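Reading the structure
If you want the building blocks of each chain, they are given just below.
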Amino acid sequence: MRIGLLTDGGYPYATGESRLWCDRLVRGLAQHEFDLFALSRSAEQEAAGRVRLPPQVAGVRTAPLWTADEDTLGLHAPRGPLARLLTGGGARMYARRERRRFAGHFADLAASVCTAAGSERSRTDAERAEGGTEPRLADERFTRGLYGLADLAWEHGGLPAALRSETAVRVLEAACRAPGTGRTVQSATVTDLLAFAAELDRVLRPLSLDWYEEDGLGAVDLCHATAGGAAALPGLLAKRFFGVPLLVTEHSVRVRAHYLASGGAPVSAPVRALLANLHGRLATEVYRQAALITPGNTHARRWQERCGADPAKVRTVYPGMDAARFAALGESEDGGGPGALVWVGRIEPAKDLAGLLRALAEVRLAEPDVRLRIIGAPAPGPAGAAYLARCRTLAGELFPGEDAVAFEEIGGPEVPELAQAYAAGGVVVLSSVVEGFPISLVEAMFCGRATVSTDVGAVVEVIGGTGLVVPPRNPRALADACLTLLRDPERRARLGAAARARALELFGVEQNLAAFHGIYLELIARAPVRERPRPAGHDGPRPFATPPEAHVLGHWPEPSDRERADRTPSWAGAGSGDA
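A brief report on the enclosed structure follows. (Residues numbered from 1 in each chain as written. Predicted model: local features only at pLDDT ≥ 70, side-chain atom pairs only at ≥ 80, totals over all residues. Heavy atoms only, no water.)

1. Some words on unusual backbone geometry
Leave glycine aside and you will find that most residues have negative phi; peptide bonds, for their part, are mostly trans. Our working rule: Elements are defined by DSSP. Helices are runs of H or I of four residues or more, strands are runs of E of two residues or more, and each kind is numbered from the N terminus. Burial here depends on accessible area, computed with a 1.4 Å probe over protein chains only, as a share of the maximum for the residue type. Under 20% is buried, over 50% is exposed, and the range in between is partly exposed.
In the segment running from Tyr11 into Pro12, the intervening peptide bond is cis, with an omega of 10°. With respect to the element layout, Pro12 can be found in the loop between strand E1 (2-8) and helix H1 (19-28). Phi at Asp352 takes a positive value of approximately 50°, unusual for a residue other than glycine. Topologically, Asp352 is positioned in the loop between strand E7 (340-344) and helix H16 (353-366). Judged by relative accessible area, Asp352 falls into the buried class, the value being 17%. With a phi close to 55°, Arg473 is a non-glycine residue in the positive phi region. Within the secondary structure, Arg473 sits in the loop between strand E12 (468-470) and helix H21 (475-486). Judged by relative accessible area, which is 64%, Arg473 ranks as exposed.

2. Let's talk about the pattern of salt bridges
Selection criterion: Here, a salt bridge means any side-chain nitrogen of Lys or Arg that lies within 4 Å of a carboxyl oxygen of Asp or Glu.
Counting across every chain of the model gives 26 salt bridges. The partner of Asp215 in a salt bridge is Arg61, with the nearest N and O atoms 3.9 Å apart. Here Arg61 lies in strand E3 (residues 57-64) and Asp215 lies in the loop between helix H10 (190-203) and strand E4 (222-225), a separation of 154 residues in the sequence. With a closest N to O distance of 3.0 Å, Arg288 and Glu285 form a salt bridge. Note that Arg288 and Glu285 are positioned in helix H13 (residues 269-289) at a spacing of three residues, about one turn of the helix.

3. Comments concerning the packing of aromatic side chains
The description of an aromatic ring pair rests on the distance of the ring centres and on the angle between the ring planes. The condition is simple: Two rings belonging to Phe, Tyr or Trp (six-membered ring only in the last case) form a pair when the distance between their centres is within 6.5 Å. Interplanar angles under 30 degrees mark stacking, angles over 60 mark edge-to-face geometry, and anything in between is tilted.
Following the criterion strictly, the structure yields 13 aromatic pairs and no others. A ring pair is formed by Tyr212 and Phe241, whose centres lie 6.2 Å apart and whose planes are at 80°; its orientation type is edge-to-face. Within this pair, whereas Tyr212 is found in the loop between H10 and E4, its partner Phe241 is found in helix H11 (residues 233-242), the two being separated by 29 residues in sequence. The exposure class assigned to Phe241 is buried, which follows from its relative accessible area of 6%. Grouped by ring-pair contacts, the aromatic residues Trp154, Tyr212, Phe241 and Phe242 constitute a single cluster.

Right under this line is the structure:
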């Protein structure tokens, strides 16, 4: 089977999200052939290079989302001699007819996003569940606008110049000022519109790529998007142009990530509202078109269903993690330092290390010898370094002249490897106020460690009764739970053993690979047969070219008109002037 793996900001690059999970998936399913279609997020990511790819990766196509330079994008060349004559073979300008088409399709998309920004927030959950004419019409306009822009990009070589044009800004302004859009959107200034247009250009950049050819996404049997948003857009077009089924895996829902990231972002309220609803509309369309959706946990599943995913198409598949690196510690009887708490992870405000330090102060009032080891590096960027400095300052204020807190990094002299970080203490603590799938918590479970965690994200789902869970932003409750385990070594041992057994049963690589192997076969079995063009100069028979069902007496069912419409792009119609 040939799989088109769609990634955004991760695999096959050496840095980024989901790169380890994708690498395990590709290496573990060696019986399949993979074509990688990767979007990069920064020049630094590309400069860091790529991981070593296994032989089952047949090809890699990449495109940057971080630059607006059309010469580096790998944009689709204009189709037909007239389009190439008008644009010079590039993608920088449209003729008058194409400009009118762009304005019409872009107006549909902009009106849908602006209407959502004005009306969706005022609707209750019951009203959302019942649906209604206005939201349905807005979704239809978004779909019509999105695929109209995709067809235009296919036929005439790309959209970046048009999306950054004065026409686009004027259309956005008219959509924002229309009745029913809400005061926040109506207050958008020209600066806001320019900022939103720039972000819209980035999100819709995959529409302009040269991946939609018979030797590109048209040659794969299944598209597997490893994230929503921009990563899933090529999968939408592969289904529309070639009928390729789409599988969407999300370990962190992009709409949720946008809400979390926009809180401290230096953008205005109108831009935040427009971006939130753009991502919401796009998520709804991705979930509608996907043959199957595989969230990484039930917490992500609830977000997907709230964004319109059909529960019948949603199947939770936990991300597979390598347990072998923690086997020696997990199988040993080493209970860790009885007077040490350990925190492992990336240092950033969402982890609430300030609350953990205040909880340690409460713990030391009852047990003065308890120490806290914070093991990890700050999040990339100035915000992570600034938060680490604040935590160091707070630790000095709470424990002046005391050796109560140690800030360390993995790879240093005292903690050379990740497993040794979890071996450093008897209790592993997770103090986050925001969390998706808690990877550090699963690693602690593989190590057989008792844990104290805050009730956020998928923590309760992961821990499943094998650790103590307290409310977030409550240092006193966190301190009491830590003291309970520090004073009871037998309970720590029981919880640690149960946690390791649960992690091995649910979160190993083998379970993840088995789940996706079955899903791949299931989706291919349900997909209709697609005839491929025969290679030039090849007149002999092709193995497996005719499925066994062709020999069954009777007639094959003809595809419905709707299916034909979904699989036939506008450029392939009988009236195409560029053919």
